[in-house]
Amino acid sequence: MHCLGAEYLVSAEGAPRQREWRLQIYRKCTDTAWLFLFFLFWTGLVFIMGYSVVAGAAGRLLFGYDSFGNVCGKKNSPVEGAPLSGQDMTLKKHVFFMNSCNLKVKGMRLDRTALCVSSCPEEQLDSLEEVQLFANTSGSFLCVYSLNSFNYTHSPKADSLCPRLPVPPSKSFPLFNRCIPQTPECYSLFASIWINDVDTLHRILSGIMSGRDTILGLCILTLALSLAMMFIFRFITTLLVNIFISLVILGLLFVCGVLWWLYYDYINDLSIELDTERENMKCVLGFAIVSTGITAVLLVLIFVLRKRIKLTVELFQITNKAISSAPFLLFQPLWTFAILIFFWVLWVAVLLSLGTAGAAQVMEGGQVEYKPLSGIRYMWSYHLLGLIWTSEFILACQQMTIAGAVVTCYFNRSKNDPPDRPILSSLSVLFFYHQGTVVKGSFLIPVVRVPRIIVMYMQNALKEQQDGALSRYLFRCCYCCFWCLDKYLLHLNQNAYTTTAINGTDFCTSAKDAFKILSKNSSHFTSINCFGDFIIFLGKVLVVCFTVFGGLMAFNYNRAFQVWAVPLLLVAFFAYLVAHSFLSVFETVLDALFLCFAVDLETNDGSSEKPYFMDQEFLSFVKRSNKLNNARARQDEHSLRNDEGTELQAIAR
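(A) Inspection of the overall build of the chain at higher detail. The secondary structure content of the chain amounts to 19 helices and eight strands. Sorting the 653 residues of the chain into buried and exposed places 48% on the buried side. Residue pairs at least 24 apart in sequence account for 74% of intrachain contacts in the chain once pairs closer than 6 positions are excluded. Within the structure as shown, the chain displays about 32200 Å² of accessible surface, and the carbon and sulfur contribution to it stands at 63%.

Pasting the structure below:
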């Protein structure tokens with residue numbers, strides 16, 4: 001049986017008449033072509049995962065490797081044509097650079113010889129005898145593997161096979177077990193050449209791996225803050241809202257002040273000129289500017305909308321009453337969070353493997369270089385698109401599930417007898433009929449966000465050009481347009497999912513119908529609904545701000561050897577998604593309630609024949625908000641007429 005709400009009905013005269021909004025029992029699958037497209041897309045992602053496992057070597061990035069194709073701390077397979085490869089380095093976990101004070105760049109690669117050693121020399125070694133003694137006492141051999149330690153002082157090739165004297169004292173820095181020289185002159189030269197020479201992608205991956213403990217701690221902090229925000233919105237009161245807004249204001253001002261203080265500290269404390277330090281300084285400056293702008297805008301909005309706090313509290317109390325009819329909605333973000341965590345861990349693991357995928361090439365002297373494989377950059381872009389699309393798909397499934405449960409509870413005549421298992425019913429409807437609709441809606445987000453990322457990259461590339469002011473301005477305008485379109489699509493998707501849960505129609509039809517009915521009834525609740533969404537958005541901002549602040553404090557300790565701009569952005573992205581997945585329960589319930597209210601007004605008139613589905617508390621709240629809006633509109637109109645009358649009186653004189 002076809003759904004009555006699946007398409008417009010046609011009268012006997014052939015003229016289309018109004019759609020009958022009603023909760024459908026018999027449904028049909030929607031947007032199946034998009035579901036098939038998503039399956040094909042994930043087939044490509046699975047291929048990239050398999051390719052990264054076969055061709056990648058995350059161990060080289062994680063543990064470090066020598067110049068002969070051996071990964072330190074592991075048992076290795078031989079490389080054809082490299083006689084010193086394939087050695088057992090299980091006990092040799094540190095990477096030692098033979099000429100750490102004399103690193104040079106030849107061609108486009110770093111001219112250095114690296115060895116796997118069991119420990120770094122903590123004291124300066126001034127002669128080959130001391131190098132030999134260090135090898136015999138510690139078991140750490142600082143000369144090329146082909147030279148036996150007994151021949152360090154007798155072999156005529158010792159000068160070329162052993163490190164240049166004196167060997168500076170070094171210490172294993174927690175950056176993949178590299179032996180970092182400790183003398184100031186060697187440290188400065190080693191860091192400036194070695195770090196700046198490393199490929200940008202590998203520097204980013206190194207920052208992620210070296211700060212993995214910090215990132216994990218920040219993720220736990222994000223989860224705790226999101227749960228705290230969820231608790232606040234569940235038991236909200238007027239006093240709690242005022243305290244919450246005060247905390248948001250203080251938090252924004254505090255984070256802005258700390259960011260500008262860190263930028264000032266970077267300017268006055270640049271001990272060495274490293275790419276990492278310069279990139280981190282730019283990151284701090286960018287965060288400071290963006291946070292200052294966001295703070296200014298939010299403070300203005302809070303001041304303008306401060307008088308609507310009481311109505312907002314009543315609105316959230318009605319929302320919590322709707323949640324009480326299906327209390328397990330509050331646990332909905334937990335499985336969403338678990339799925340997102342699993343997917344993100346898998347995504348990062350594949351990213352690390354892709355970043356280390358390279359073919360071993362034997363150079364002169366038996367040394368091994370790893371050349372990036374062709375097509376890796378395109379795979380990385382495809383992998384990034386998979387991150388955005390799949391993450392949005394998971395979040396969209398949560399929105400669709402919550403909307404379906406709210407719709408089921410709202411259009412229930414017996415309020416004292418709520419429907420059985422509304423969440424499971426909504427999940428079954430989603431997976432059996434409307435996965436294609438969710439796929440299509442979630443695809444619109446990366447369609448907007450990927451060009452926005454490209455525009456942001458091109459804007460940053462033009463910053464150093466003196467004559468690119470006009471181009472930078474145009475790119476900035478494009479970025480703002482994409483940002484506004486992104487926010488509009490998020491709201492459009494939510495209303496489309498709710499309409500699909502009611503009528504069982506496809507995405508485009510649902511979005512069109514939702515837009516029409518909300519436009520017709522927008523005067524009833526637009527302003528108060530927007531302020532409710534704004535309060536929820538403040539909760540997300542609070543979570544992201546304090547997570548980013550914690551990340552800044554943690555990453556700032558390793559500013560010289562760690563590019564933490566991208567890891568911090570990933571943490572901020574993660575914090576927003578987690579806060580969104582938790583707090584969007586209230587946002588989704590709120591938007592779904594108002595759409596159901598609009599449908600209720602459209603199909604019923606409150607009479608005994610067509611009674612409203614809404615309860616009296618909801619109806620009285622809408623009436624009070626309408627009276628407030630009408631009073632303010634009359635006040636503004638009266639003020640405008642007085643101004644016009646005064647102006648005409650002046651002209652008459």
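(B) Up close: the pattern of salt bridges. Applying the stated criterion across every chain yields a total of two salt bridges. Residue E587 is joined to K540 by a salt bridge in which the shortest nitrogen-to-oxygen separation is 2.8 Å. With E587 in helix α18 (residues 565-603) and K540 in helix α17 (residues 522-555), this pair connects stretches of sequence that are 47 residues apart. K540 gets classed as buried once you look at its relative accessible area, which sits at 3%.

(C) The state of the cysteines, seen in detail. Applying the stated criterion across every chain, the model contains three disulfides. Each disulfide pairs two cysteine sulfurs, and for C72 the partner residue is C116, the sulfurs being separated by 2.0 Å. Since a negative S-S torsion denotes a left-handed disulfide, the C72-C116 link at about -85 degrees is left-handed. A residue pair is termed long-range when its members are at least 10 positions apart, and C72 in the loop between α2 (58-63) and β1 (94-97) and C116 in strand β4 (residues 114-117) qualify at 44 residues. A single burial state applies to C72 and to C116, both of which are buried. Covalent S-S linkage joins C120 and C179, the inter-sulfur distance amounting to 1.9 Å. Measuring the twist about the S-S bond at about -75 degrees, one finds the C120-C179 disulfide to be left-handed. Of this pair, C120 sits in the loop between β4 and α3 (128-138) while C179 sits in strand β6 (residues 178-181), and the two are 59 residues apart along the sequence. C545 takes part in no disulfide bond, and the closest cysteine sulfur to it belongs to C256, at a distance of 7.4 Å.

(D) Local environment of unusual backbone geometry. Here L165 and P166 are connected by a cis peptide whose omega angle stands at -5 degrees. As for its placement among the helices and strands, P166 is situated in the loop between α4 (158-161) and β5 (170-173). Not every positive phi belongs to a glycine, and D31 is a case in point at roughly 55 degrees. Within the secondary structure, D31 sits in the segment before α1 (32-55). Taking the relative accessible area as the measure of exposure, D31 reaches 14% and is therefore buried.

(E) Region of the structure containing the pairing of strand β8 (residues 368-372). Sheet analysis places strand β7 (residues 358-362) next to β8, joined by five bridges and oriented antiparallel. Counted as the bridge partner of G358 is P372 from β8.

(F) Structural context of the packing of aromatic side chains. Tallied over the full model, the rule gives 16 aromatic pairs. Judged by centre distance (4.9 Å) and plane angle (65 degrees), the rings of F38 and W389 are edge-to-face. Taken together, the residues F38 in helix α1 and W389 in helix α12 (residues 376-410) connect sequence positions 351 residues apart. Residue F38 shares its accessibility class with W389, and that shared class is buried. Pairing Y410 with F411 gives two aromatic rings, centres 5.1 Å apart and planes at 75 degrees, and the pair type is edge-to-face.

(G) A look at the packing of α12 against helix α13 (residues 422-433). The interhelical angle for the contact between α12 and α13, taken along N-to-C directions, is 125 degrees, at an axis separation of 8 Å. Looking at the two axes, α12 sits oblique to α13. Note that α12 runs across α13; the crossing there is right-handed. Between α12, through C397, M400, T401, G404, A405 and C409, and α13, the contact on the second element is made entirely by P422, I423, S426, L427 and L430. Looking at side-chain class alone, the contact of α12 with α13 contains eight nonpolar, three polar and no charged residues.

(H) Just the environment of F613, in detail. Along the chain, the position of F613 falls in the loop between α18 and α19 (616-652). Exposure remark for F613: the relative accessible area of 16% places this residue in the buried category. Placed 204 residues apart in sequence, F613 and C409 show a C-alpha to C-alpha distance of 9.9 Å.

(I) Inspection of the environment of T137 at higher detail. On the secondary structure map, T137 appears in helix α3. Within the structure, the side chain of T137 is placed 2.8 Å from the backbone oxygen of L133, a separation counted as a polar contact. Reaching out from T137, the side chain makes a polar contact with the backbone oxygen of F134 at a distance of 3.3 Å.

(J) Region of interest: the confidence of the model for the chain. Mean pLDDT over the chain: 77, with 77% of residues reaching 70 or higher. Averaged pLDDT values over the elements of the chain bottom out at 49 in strand β2 (residues 104-106) and peak at 91 in β4. With pLDDT under 50 throughout, residues 105-109 is counted as low confidence; its partners more than four residues away or in other chains account for 10 contacts. Throughout residues 644-653 the model reports pLDDT below 50, and contacts reaching past four residues in sequence, or to other chains, amount to zero contacts.

(K) A nonpolar patch on the surface, seen in detail. Taken together, the side chains of L227, F328, F331 and L334 make up a nonpolar region of the molecular surface, amounting to roughly 420 Å² of accessible area. Note on placement: L334 falls in helix α11 (residues 332-355). Given a relative accessible area of 40%, L334 falls into the partly exposed group.

(L) Structural context of the nonpolar core. Counting 98 residues, the largest nonpolar core has F233, F244, Y410 and F618 as the members making the most contacts within it. Looking at this core element by element, the count peaks at 22 residues for α18. Apart from residues lying up to four places away in sequence, F233 is in contact with F244, F316, N320, I535, I536, L583 and F586. Counting 29 residues, the second-largest nonpolar core is a separate cluster that includes F68, A114, C143 and L147.

(M) Looking closely at the side chain of T336. By the secondary structure assignment, T336 is in helix α11. A distance of 3.3 Å separates a polar side-chain atom of T336 from the backbone oxygen of Q332. Setting aside its immediate chain neighbours within four residues, T336 contacts I394, L395, Q398 and S581.

Calculation rules
Residues numbered from 1 in each chain as written. Predicted model: local features only at pLDDT ≥ 70, side-chain atom pairs only at ≥ 80, totals over all residues. Heavy atoms only, no water. Helix = DSSP H or I, 4+ residues; strand = E, 2+ residues; numbered from the N terminus. Buried < 20%, exposed > 50% of the residue type's maximum accessible area, 1.4 Å probe, protein only. Contact = heavy atoms within 4.5 Å. Areas by Shrake-Rupley, 256 points an atom, 1.4 Å probe, with all protein chains shown as cover. Salt bridge = Lys/Arg side-chain N within 4 Å of Asp/Glu carboxyl O. Disulfide = S-S within 2.5 Å. Pairing = 2+ DSSP bridges. Phe/Tyr/Trp six-rings, centres within 6.5 Å; stacked < 30°, edge-to-face > 60°. Axes fitted to C-alpha atoms, helices over the stretch in contact; angles between N-to-C directions. Parallel < 35°, antiparallel > 145°, perpendicular 65-115°, else oblique. Left-handed = near helix turned anticlockwise from the far one by under 90°. Nonpolar A, V, L, I, M, F, W, Y, C, P; charged D, E, K, R; others polar. Polar contact = N/O pair within 3.5 Å; in protein donor to acceptor, adjacent residues only side chain to side chain. pLDDT = per-residue confidence, 0-100. Patch = residues over 30% accessible without salt bridge, like charges linked within 9 Å, V, L, I, M, F, W, Y side chains within 5 Å. Core = buried A, V, L, I, M, F, W, Y, C linked by side-chain atoms within 4.5 Å.

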